[in-house]
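Overview (structure and organization)
The residues making up each chain are set out below.
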Amino acid sequence: MQYALLIYGGDPDAPPDRPMDEAVAAVLARPYVTGWARLHAAGSATTVRAGEAGMLLTDGPFVDSKEFLAGLVMIEADDLDGALAVAAELQETREGGAIEVRPLREGCPRGA
């Protein structure tokens, strides 16, 4: 089964080209990782919503929160327990933040 690990937190002031930590890179190089992406800072986001007068564009992330979506990792795991084990391993490489584990709907992800 495929799972998305949504990575929250991190340093909002870190430069976008900061090198990846070796421990994180080691996990991402494992065969069960099918794709991953690091996102630019939350302030670079633009949110699109449908409104009464048409589409509304808002600068910044959708939710107002101290934590922000920093990246995502897509993995293959036998079950939720396997996916949680990978998330726990990644979380051990980080200080703070959170990792949301969510199953992907049927079908192969595109562009991964």
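Think of each chain on its own: its residues are numbered from 1, step by step along the sequence as written. With pLDDT at 70 or above as the cut-off, local features in this predicted model cover only qualifying residues; side-chain atom pairs require 80 or more to be listed or tallied, and sums for whole chains, interfaces and linings still use all residues. In computing side-chain properties, one takes all heavy atoms of the structure into account and sets aside hydrogens as well as water.

**A few points about the overall build of the protein chain**
Counting from the N terminus, the helices are the DSSP runs of H or I reaching at least four residues and the strands are the DSSP runs of E reaching at least two. Across its full length, the protein chain holds 2 helices and 6 strands. Tracing the protein chain from N to C terminus, the helices and strands come up as β-α-β-β-β-β-α-β. The buried label applies to any residue whose accessible area, calculated with a 1.4 Å probe on protein chains only, is under 20% of its type's maximum; exposed applies above 50%, and partly exposed to all values in between. Residue burial in the protein chain is summarised as follows: out of 112 residues, 24% are buried. Contact definition: two residues touch when any of their heavy atoms are within 4.5 Å. Considering only contacts in the protein chain between residues 6 or more positions apart, those separated by 24 or more positions represent 71%. Summed over its atoms, the accessible surface of the protein chain is roughly 8,000 Å², and 54% of this surface lies on carbon and sulfur atoms. Values of accessible area rely on a 1.4 Å probe in the Shrake-Rupley scheme; residue burial ignores everything except the protein chains shown.

**Comments concerning a nonpolar patch on the surface**
Residues enter patches when their relative accessible area tops 30% and they take part in no salt bridge; the joining distance is 9 Å for like charges and 5 Å for the nonpolar side chains Val, Leu, Ile, Met, Phe, Trp and Tyr. In the sections that follow, a salt bridge refers to a side-chain nitrogen of Lys or Arg positioned within 4 Å of a carboxyl oxygen of Asp or Glu. Side chains of Val48, Met55 and Leu57 sit close together on the surface and give an oily, nonpolar patch of about 360 Å² of accessible area. With respect to the secondary-structure elements, Leu57 resides in strand β4 (residues 54-59).

**Looking at the sheet that holds strand β2 (residues 33-38)**
Strand order in the open sheet formed by 4 strands is β2-β5-β1-β6, and the pairing between neighbours is antiparallel. Looking at the sheet topology across the chains shown, the edges are occupied by β2 and β6 (98-103). Strand-to-strand, the axes of this sheet are offset by a mean angle of 15°, without reference to chain direction. In this sheet, β6 lies alongside strand β1 (residues 2-8) in antiparallel orientation, the contact comprising 6 bridges. Bridge pairing in β6 places Leu5 opposite Val101. Strands qualify as paired when DSSP identifies two bridges or more between them. Note on geometry: axes are C-alpha line fits, over the in-contact stretch for helices, and angles between N-to-C directions span 0 to 180 degrees.

**So, the environment of Ser44**
Residue position: Ser44 is located in the loop between β2 and β3 (46-51). You can call Ser44 exposed: its relative accessible area is 51%. A C-alpha to C-alpha distance of 7.6 Å links Ser44 and Asp59, two positions 15 residues apart in sequence.

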